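Tertiary structure, described
One-letter residues, chain by chain:
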Amino acid sequence: MTRLILLNKPFDVLPQFTDLKSPSPRATLSDFVKVPGVYPAGRLDRDSEGLLLLTDDGRLQARISNPRYKTPKTYLVQVEGEPDEAAIQALCKGVTLNDGPTLPADARRIDTPDLWPRNPPVRFRKTVPDCWIELTLREGRNRQVRRMTAAVGHPTLRLVRWSIGDWTLDGIAPGEWREVAV
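Sequence order as written defines residue numbering, which begins from 1 separately in each chain. Two thresholds apply to this predicted model, a pLDDT of at least 70 for residue-level local features and 80 or more for giving and counting side-chain atom pairs, whereas whole-chain, interface and lining totals are computed over all residues. With hydrogens and water excluded, all non-hydrogen atoms of the structure serve as input to the side-chain values.

1. Points about the environment of Lys 70
The line we're drawing: Only DSSP runs of H or I covering at least 4 residues are called helices, and only runs of E covering at least 2 are called strands; the numbering of each starts at the N terminus. Classification of residues uses two cut-offs on accessible area relative to the type maximum, computed with a 1.4 Å probe and protein chains only: under 20% is buried, over 50% is exposed, and between them is partly exposed. Contact criterion: two residues are considered in contact whenever any of their non-hydrogen atoms come within 4.5 Å of each other.
Secondary-structure assignment places Lys 70 in the loop between α1 (58-65) and β4 (73-80). Under the relative-accessibility criterion, Lys 70 is labelled partly exposed at 45%. Sequence separation between Lys 70 and Arg 138 is 68 residues; the distance between their C-alpha atoms is 4.5 Å. Setting aside residues no more than four positions away along its own chain, Lys 70 makes contact with Leu 103 and Arg 138.

2. Here we look at the packing of aromatic side chains
The criterion, for reference: In summary, the pairing rule links any two rings of Phe, Tyr or Trp, Trp by its six-membered ring, whose centres are within 6.5 Å, and it sorts them by plane angle into stacked for under 30 degrees, edge-to-face for over 60 and tilted for everything else. A ring is scored as having a charge over it whenever the NZ atom of a lysine or the CZ atom of an arginine sits within 6 Å of its centre and within 35 degrees of its normal.
For the coordinates displayed, the defined rule picks out 0 aromatic pairs. Positioned above the aromatic ring of Phe 11, the side-chain terminus of Arg 118 is 3.9 Å from the ring centre.

3. Quick word on unusual backbone geometry
Along the chain, Asn 119 connects to Pro 120 via a cis peptide bond; the corresponding omega equals 0°. Notably, Arg 143 is not glycine yet its phi reads approximately 55°, a positive angle. Along the chain, Arg 143 falls in the loop between β8 (130-137) and α3 (144-151).

Right, here's the structure in full:
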């Protein structure tokens with residue numbers, strides 16, 4: 001039977017099970033998930049947090065992570081500044097990055113979400129406002145959300161992946177996981 005684990009990956013955790021190349025060990029998935037034979041379906045950078053799916057089924061892993069399936073991934077993104085409608089529309093239409101144009105995305109400003117505190121917290125600057133956007137992508141390039149928000153003039157301060165397809169973080173605390181039926 002296929003296993004699918006929804007993990008709320010904390011900030012500063014590598015999205016892999018080992019860290020053999022570092023002279024000082026860093027936190028990895030093995031610090032949180034003690035289930036043999038499961039592997040991440042996609043990646044979530046060390047400096048990002050949120051939903052990471054792990055499975056023991058290669059076909060499911062490919063369906064989740066392969067860009068040709070266009071599985072929607074929704075992110076809650078705290079950005080520097082306050083994007084105007086033109087910046088939001090640029091994200092919706094797709095922006096041109098150094099590796100080519102992105103696909104259109106769903107983007108909108110949102111109220112500050114009710115999330116757990118990040119450790120360490122995002123640096124607060126009294127003179128620079130920030131706000132939150134919800135961004136849904138159907139492709140998954142390296143550091144794409146961060147590059148897209150920077151391209152419209154609003155660098156990412158905090159990045160939380162909230163959902164992948166129909167699976168969400170709802171009810172899962174940082175470092176916790178839940179197995180679901182597939």
